[in-house]
Every structure is written in C-alpha cells, then in structure tokens.
Amino acid sequence: MHDEMPLTWRRSSRCEANNCVEVAVAGDMVMIRDSWSPTGPFLRFSREDFAAFAAGLARGDLQLE
C-alpha cells in the first residue's frame, strides 16, 4: 500500500526532540513509525483498531513501564 502513494507522516506538536511516534493515514489504514527510523519498519492498523488503541491509552488501560 505505501509503495503505491507517498505517505504524509505527522507527529504531535508536543514533539520537541525528534524522539516521537509518527502517524500516517492511507485509506482505511493507519501506520505508525518511530521518528528516529523514518526508513525503517512501521506498524499498520485498521482505523477501528487504531481508534480502540488510542482510546485505551486515553483511559489509562495501557500503562508503559
């Protein structure tokens, strides 16, 4: 999918040190990558799965240690 059209990667306005997560949307898919590795691998989610993941983060369900 990403070979067919260029992706527009976005990061939070709170990102200050290029140590951030970047997100791109293409059709019904959401891609996530590490800004330190823009040519490296990325994760691909359906919009529904990404929305559930973001909601879980907002609720505090997913705590990173």
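Before reading on, note that the structure itself is shown above.
Notes on the structure in this doc start here. A quick note: this is a predicted structure, and the numbers were derived from the prediction, not measured.

Rules used throughout
- Residues numbered from 1 in each chain as written.
- Predicted model: local features only at pLDDT ≥ 70, side-chain atom pairs only at ≥ 80, totals over all residues.
- Heavy atoms only, no water.
- Helix = DSSP H or I, 4+ residues; strand = E, 2+ residues; numbered from the N terminus.
- Buried < 20%, exposed > 50% of the residue type's maximum accessible area, 1.4 Å probe, protein only.
- Contact = heavy atoms within 4.5 Å.
- Areas by Shrake-Rupley, 256 points an atom, 1.4 Å probe, with all protein chains shown as cover.
- Salt bridge = Lys/Arg side-chain N within 4 Å of Asp/Glu carboxyl O.
- Disulfide = S-S within 2.5 Å.
- Pairing = 2+ DSSP bridges.
- Expected span 1.5 Å × (residues − 1).

1. Examining the overall build of the chain
Broken down by element type, the chain carries 1 helix and 4 strands. Across the 65 residues in the chain, those meeting the buried criterion constitute 23%. Nonlocal contacts in the chain, meaning residues at least 24 apart in sequence, comprise 14% of its contacts between residues at least 6 apart. Accessible area for the chain stands at about 5,200 Å²; split by element, carbon and sulfur atoms hold 53% of it.

2. Focus: the pattern of salt bridges
This model, assessed by the stated rule, comprises 3 salt bridges. A salt bridge links E22 to R11; the shortest N-O distance between them is 2.5 Å. Taken together, the residues E22 in strand 2 (residues 21-26) and R11 in strand 1 (residues 10-11) connect sequence positions 11 residues apart. In this structure, the salt-bridge partner of E22 is R33, at a minimum N-O distance of 2.6 Å. Linking E22 in strand 2 with R33 in strand 3 (residues 29-34), this pair joins segments that are 11 residues apart in sequence. What makes R33 buried here is its relative accessible area of 14%.

3. What to know about the state of the cysteines
All chains considered together, the criterion is met by 1 disulfide. Between C15 and C20 runs a disulfide, and the two sulfur atoms are separated by 1.6 Å. Because the sign of the S-S torsion sets the handedness, a value of about 95° for the bond joining C15 and C20 places this disulfide among the right-handed ones. Exposure class is identical for C15 and C20. Each is buried.

4. Quick look at the sheet that holds strand 3
One open sheet holds the 4 strands; their spatial order is 1-2-3-4, and the pairing between them is antiparallel. Each edge of the sheet is formed by a strand with only one pairing partner; in this case those strands are strand 1 and strand 4 (43-46). Pairing of strand 2 with strand 3, which is carried by 6 bridges, proceeds in the antiparallel orientation. Residue pairing in the sheet places V25 in a bridge with V30 of strand 3.

5. Description of helix 1 (residues 47-59)
Over its 13 residues, helix 1 extends 18 Å from the first C-alpha to the last, a length consistent with the 18 Å expected when each residue adds 1.5 Å. With its phi angle positive at about 90°, G60 sits one or two positions after the end of helix 1.

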